[in-house]
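Structural overview for review
As a plain string of letters, each chain reads:
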Amino acid sequence: MAAPPPLGLTRRTAGAVSLSARSPLLCSRRLRPRLLPSKRWSGVVRMGAAVGGEQEGEDEEVKLAKEMAAARRRWETLIREQKIKTLTPREAGYTFKLTDKVLLDVRPSNERQKAWVKGSTWIPVFDVDTSFDFGGLGKKVTNFVMGGWWSGSSTMSANKNFVQQVEEKFSKDTDLILVCQKGLRSLAACEQLYGAGFQNLFWVQGGLEAAEDEDFEREGSQPFKLAGIGGVSEFFGWTDQQRAQASKEGLGYRLVFTGRLVGALVLLDALFLGAQNIGPLLQGLQSH
């Protein structure tokens, strides 16, 4: 028989959970405000250089950096004033299991389909850009050239109906726990919902990538920590997340990716030899 969870929830307050004396893990951290770690936000994620020249690309990066810095200040203020409350993945998992709070997954579809929390609600704040117009195609090409081929990152577009879709499902006084893969997009989603009048908002700091297997009941084919990776780096097992997983899984896990690497090298060697041989063959055919 499984041991009971190390938490006890005795009563609910407006927008927060009050924990009993049997909850040593959470009582010491009682949903206090936690500012965003500066190291985590020290670098701005590059969304792709602008098409049209180096100077334009630099200007775009400067603009993105300023926007990100302004957003960080707004988010830290919301957290400091407890307009958005923070939870660790473990706290969020127990709260979701033991209360009637809603777990709102705001990740894009390519991450959600790999792994999701059982019983969670999915409304993406950003999703994979499926447009094929000239502008959208240009962004996809730029994203691929700038590293998307390696990381598997997709071009994203904002879900302009995000707030409306949440309002259609939940009332403004609903307790909402927002989670994404690493914690950035869910915080942006919290800001949007707070501005729309939602008051009981909880942000999962670090996202599902910071969660341990026992924190949430998972559905899907991948561990939570691997749901945000892709591309060539994922295929060969060269991501930090996969290295951490390999240390848990052991030799069998490593052999899968070693086999893929050996297979790729054999294929490349065969293609190289074929290219060397086809030149003389074509020359011989032309001479006849």
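Thresholds, definitions, all that
Residues numbered from 1 in each chain as written. Predicted model: local features only at pLDDT ≥ 70, side-chain atom pairs only at ≥ 80, totals over all residues. Heavy atoms only, no water. Phe/Tyr/Trp six-rings, centres within 6.5 Å; stacked < 30°, edge-to-face > 60°. Buried < 20%, exposed > 50% of the residue type's maximum accessible area, 1.4 Å probe, protein only. Helix = DSSP H or I, 4+ residues; strand = E, 2+ residues; numbered from the N terminus. Pairing = 2+ DSSP bridges. Right-handed = clockwise from strand over helix to strand, strands pointing away. 1 Å grid on protein atoms, 1.4 Å probe; cavity = no way out; pocket = protein on both sides within 12 Å on 5 of 7 lines; lining within 4 Å. Points joined across faces, edges and corners; volume = space filled by probe spheres on them. Nonpolar A, V, L, I, M, F, W, Y, C, P; charged D, E, K, R; others polar. Core = buried A, V, L, I, M, F, W, Y, C linked by side-chain atoms within 4.5 Å. Contact = heavy atoms within 4.5 Å.

**Some remarks on the packing of aromatic side chains**
Under the definition given, this model contains one aromatic pair. Judged by centre distance (6.2 Å) and plane angle (80 degrees), the rings of Phe216 and Phe224 are edge-to-face. A relative accessible area of 4% places Phe224 in the buried class.

**Some points on the pairing of strand E9 (residues 176-179)**
With burial as the criterion, each face of E9 is covered, one bearing Leu176 and Leu178 and the other bearing Ile177 and Val179. Bridge count for strand E4 (residues 102-105) against E9 is four bridges, and the pairing is parallel. For Asp105, the partnering residue across the bridge sits in E9 and is Val179. For the segment spanning E9, helix H7 (residues 184-195) and strand E10 (residues 201-204), crossover handedness is right-handed.

**Observations regarding empty space enclosed by the protein**
If you walk through the whole model with that rule in mind, you get three cavities of 30 Å³ or more. The wall of the second largest cavity is formed by Ala211, Glu212, Asp213, Pro223, Phe224, Lys225 and Gln245. Along the lines of polarity and charge, the residues of the lining of the second largest cavity split into three nonpolar, one polar and three charged.

**Comments concerning the nonpolar core**
Grouped together as the largest cluster of nonpolar side chains are 25 residues, with contacts concentrated most on Leu104, Val106, Phe162, Val166, Leu176, Leu178 and Leu193. Among the elements of the structure, helix H2 (54-80), E4, helix H6 (162-169), E9, H7 and E10 are those that each provide at least two residues to this core. In this structure Leu178 touches Leu104, Val106, Ser186, Ala189, Cys190, Leu193, Leu201, Phe202, Trp203 and Val204, once residues within four positions along its chain are discounted. Counting residues in hydrophobic clusters, the runner-up holds 15 residues, among them Leu103, Ala115, Ala211 and Ala227.

Taken by themselves, the reported measurements are silent on function.
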